[in-house]
Amino acid sequence: MIASGPQGMAAKALSPEIAELVSYGDDNLVLAQRLGEWISNAPELEIDIALGNIALDHLGVARALYTYAGEVEGEGRTEDDFAMRRTEREFRNVLLVEQPNGDFAHTIVRQFFFDVYSQILWSGLADGDDNTGAGIAGRAVKEAAYHFEFSSSWLIRLGDGTEESHRRAQAAVDALWRFTAEIASDEWLARVSSVFETAGLAIPDDPYQRVGGRDGYHTEHLGFLLAEMQWMDRAYPGLEW
Amino acid sequence: MTYDVPVAPGEKAELEERVEGSSEGWPMWEVFVRARRGISHVHIGSLHAPDARTALQNARDVYTRRGEGVSVWVVPSSEVSAFEPEAAAEYVDANEKVYRLATTYEIPEEVGQM
Amino acid sequence: MAPPARFQEIIDSESKIEPSDWMPEGYRKTLIRQIAQHAHSEVIGMQPEGNWITRAPSLHRKAILMAKVQDEAGHGLYLYSAAETLGVKRNDLQELLHQGKHKYSSIFNYPTLSWADMGTIGWLVDGAAITNQVMLTRCSYGPYSRAMVRICKEESFHQRQGYELLIRLCQGSEEQKAMAQDAIDRWWWPSLMMFGPNDSDSPHTEQSMAWKIKRVTNDDLRQQFVDMTVPQADYLGLRIPDPDLKWNEERGHYDFGPIDWEEFWRVVRGSGPMNRDRVEHKKRAWDEGTWVREAASAHAAKQQRRAA
C-alpha cells in the first residue's frame, strides 16, 4: 500500500521486524504525549511529578525504539522522522493509548492496562538474541515494573476509597475495556483480575472489542493528537531545533 | 528577580496566612535517602501522602529524579521526637569536653600517621 | 541568653535560624509570605511552559521541556515544605492562591506565543530567578536556604537548555532567528521587572536585609542581571529592545532605560494578559482532584482499620 507522506515521501511497507519496533515505539510515544497533557493538571503536586516521570520513561523508550528501527532499516531515518513525519494511518499504536485522558480514573485504568501488557511484553523480549533490542527491553521492563506499582496501587486506592472514586474507577474500566483485545493474553487477564479483586472492581461482561491500531485503523482521537504533536515540524519542514 | 511580595505605593502589606475553606490534606512525611551503598540514609526533604506506600512512591518520584539515591525511607513527620526548643540548646550544645576530640592530642611526627 | 538576643546572635554570626528557634513574629510572617509567593511562582510557572509540551518540535526537545516543567513542580513542593516548617499548611497557602489573596511572580502572567519563548524563558526568566536564588542560598532561615541549594543545582539545567535552544534558533533559518528576536522583544522588559520595584520604592527591603532574608537589593540584582545578560545576547546576535542600553565606563556597568512601572503594577494587580487564566487553571485542577485526594485518604483510613 502506498500512501503519500507529509513530505511528499511515499510511505512504504516496513519489514515485519521494523514494523514491530515502530509499533511499540508508537505505543510509548502516544501514551507519553497523553501523559504530557496532564502536567499542571494533576490532583496533587506529588502526582504531577509522578505522571511526569512515567511520561518521560515512555518517551525515552519510544525514542530508543525509533532510533533502533532507523538503524536496522539503514536508510537514515531518525526518531523524529518516525514521530513527526508519518500520518495517522501509518501509526501502529494500540487503540488504548490514544484514548483521551478523561478523569484521573480513566488515566489510571489506561495506564494500568498498558503497564501489565508492557511488563509481559518486555520481559519476553529482554532475553532475546538481539543485543540492542534486549537492552531496550531490559530498561523498559524495569520502568514498567514501577509504573505497575504506581498504577495498580492507585487503582486499588480508587476502587476501595470512596463511593465516588469507586464509581469513577468502574466507569473507566467499563469505557476502556473494549480496547483491551489488542494487548490481552491469558497472563494479562490473570494479572488484571488479581488487582481488580483487591480493588473491588468488576470486569465488564460486554464482549464488544475494537481492534485495528496495529494495522493503522485508529479511533478519531489519534488524528488530533498527531496534529498537535506534529504541528511545528509540518509548519517549518526540514529545520533543526 | 525577587520573591518578596511587591507592595504598591499607598498599599499595605498583607500578612494573611490562615484561610477559610481549605481542607486538612494528606499528612506530612519526612524523607531519608541513602545516596549509595555504604553510607547512611540522610534527611532530604518532606512531602505529603495518605499512607506509607504512597509516601514511598511519592518520595521515589520527587526526590530521586536525578539518581540521588539507592534506598528511601519515609517517616510520618508527627512521629519525629525532639527536645523542647528551650531545652534543646542546652542539652545538645557542643560542650567543653575537648578531650574527646582526636585532634586534642599531639603525636610526635616521627611516630607517623595515627 | 534571652531568646531575642540569641536570635540576633545567630543572625549576626551568619549561622542559620532553624524551625524550633525563637524568632520575631515579623521575621516568621515575612518568610511565610515570601516563601509562599516563591512556591506559587514555581507552580504557576508550569503553565506557560506546559503550554508547549505537546507541541515541542522534536522528541529531544519534548523530553527536555517535560523534565523542566516537572522540576518546577518539585521546586514548588520543596518550597511549600520550607514554608510548612513555619507552622502553616500547604493547603492553606494554595487556598490563598486560589482565592487571589496570594500572589506569584508577575512574569507568568504573560503568554507563551512561540517555540522561541521556551528558550527565552529558560535564558532570561530562569536566569533572573537564579540571580535571586543564588543570593537566597545565603538566607538566614535554614530550611529556605537548603531548599535554595537544591533548587539552584536543578535550575542551572533550566537556564542552559534555554540558551542552547536559542543558539539553535539563532544559527538556523531566517524564520527561526525572527522567532527568537520576537521572543526577546516581548520578554526583556518583563524580565527586568521581575526584580521588583526600585530600592527607593521598596519599604521592606531594609528590614529583610537586616534579618538576612534578603542579601542584595532589587536594583543591585537587576544591574547584575543586565551586566551578565548583554554579552550573552550579543553572542546570539539578538538585539535587546532598549535604545538607552550602553556600557558606562565610569560605573563599570551597563546603563539601561526606564522601566514601565505602570505596566508592572497593572499586572501585579491582576490585569496582565493571563492573570485570570493562570489562577482559574490552577483552581480547576485542584477542584477536579478533590475526589482523588479524598479517595486516597479514605483508602488509607480503611487500611488502618483493617490492620487494627
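Refer to the structure presented above.
Note that the coordinates shown come from a computational prediction; the quantities given were computed from them, not determined experimentally.

### Description of the overall build of chain B
Counting its secondary structure elements, chain B contains 2 helices and 3 strands. When the elements of chain B are put in sequence order from the N terminus, they spell out β-β-α-β-α. For chain B, with 114 residues in total, the buried portion stands at 31%. Carbon and sulfur atoms form 53% of the exposed surface of chain B, whose accessible area is close to 7,900 Å².

### Remarks on the interface of chain B and chain A
Of the residues lining the interface, 11 residues belong to chain B; the matching set on chain A comes to 13 residues. Across the interface of chain B and chain A, roughly 1,200 Å² is buried in total on both sides, 51% from carbon and sulfur atoms. In this assembly, chain B and chain A are joined by 1 salt bridge. Its salt-bridge partner being Glu-149 of chain A, residue Arg-53 of chain B comes within 3.0 Å of it at the nearest N-O pair. Our count for the contact surface shared by chain B and chain A stands at 9 residue pairs in polar contact (both at pLDDT 80 or more). Only strand S2 (41-48) and helix H1 (52-63) of chain B provide two or more residues apiece to the side of chain B that touches chain A. Of the residues forming the side of chain B that touches chain A, the biggest block, 7 residues, is contributed by H1 of chain B.

### A closer look at the interface of chain A and chain C
Facing 49 residues of chain A, the contacting portion of chain C comprises 49 residues. The contact between chain A and chain C buries some 4,100 Å² in all, and 67% of this surface belongs to carbon and sulfur atoms. At the junction of chain A with chain C, the criterion picks out 3 salt bridges. Across the salt bridge formed by Arg-90 of chain C and Glu-44 of chain A, the nearest N and O atoms sit 2.6 Å from each other. Of all the secondary structure elements, the ones that give two or more residues to the side of chain A that touches chain C are helix H1 (16-36), helix H2 (45-73), helix H3 (79-84), helix H5 (104-125), helix H6 (131-160), helix H7 (163-176) and helix H9 (221-235) of chain A. Among the elements that line the side of chain A that touches chain C, the one with the most residues is H2 of chain A, at 12 residues. Residue composition of the side of chain A that touches chain C, by class: 25 nonpolar, 9 polar and 15 charged.

Basis of the calculations
Residues numbered from 1 in each chain as written. Chains lettered and ligands numbered in written order. Predicted model: local features only at pLDDT ≥ 70, side-chain atom pairs only at ≥ 80, totals over all residues. Heavy atoms only, no water. Helix = DSSP H or I, 4+ residues; strand = E, 2+ residues; numbered from the N terminus. Buried < 20%, exposed > 50% of the residue type's maximum accessible area, 1.4 Å probe, protein only. Areas by Shrake-Rupley, 256 points an atom, 1.4 Å probe, with all protein chains shown as cover. Contact = heavy atoms within 4.5 Å. Buried area = accessible area lost by both parts, 1.4 Å probe. Salt bridge = Lys/Arg side-chain N within 4 Å of Asp/Glu carboxyl O. Polar contact = N/O pair within 3.5 Å; in protein donor to acceptor, adjacent residues only side chain to side chain. Nonpolar A, V, L, I, M, F, W, Y, C, P; charged D, E, K, R; others polar.

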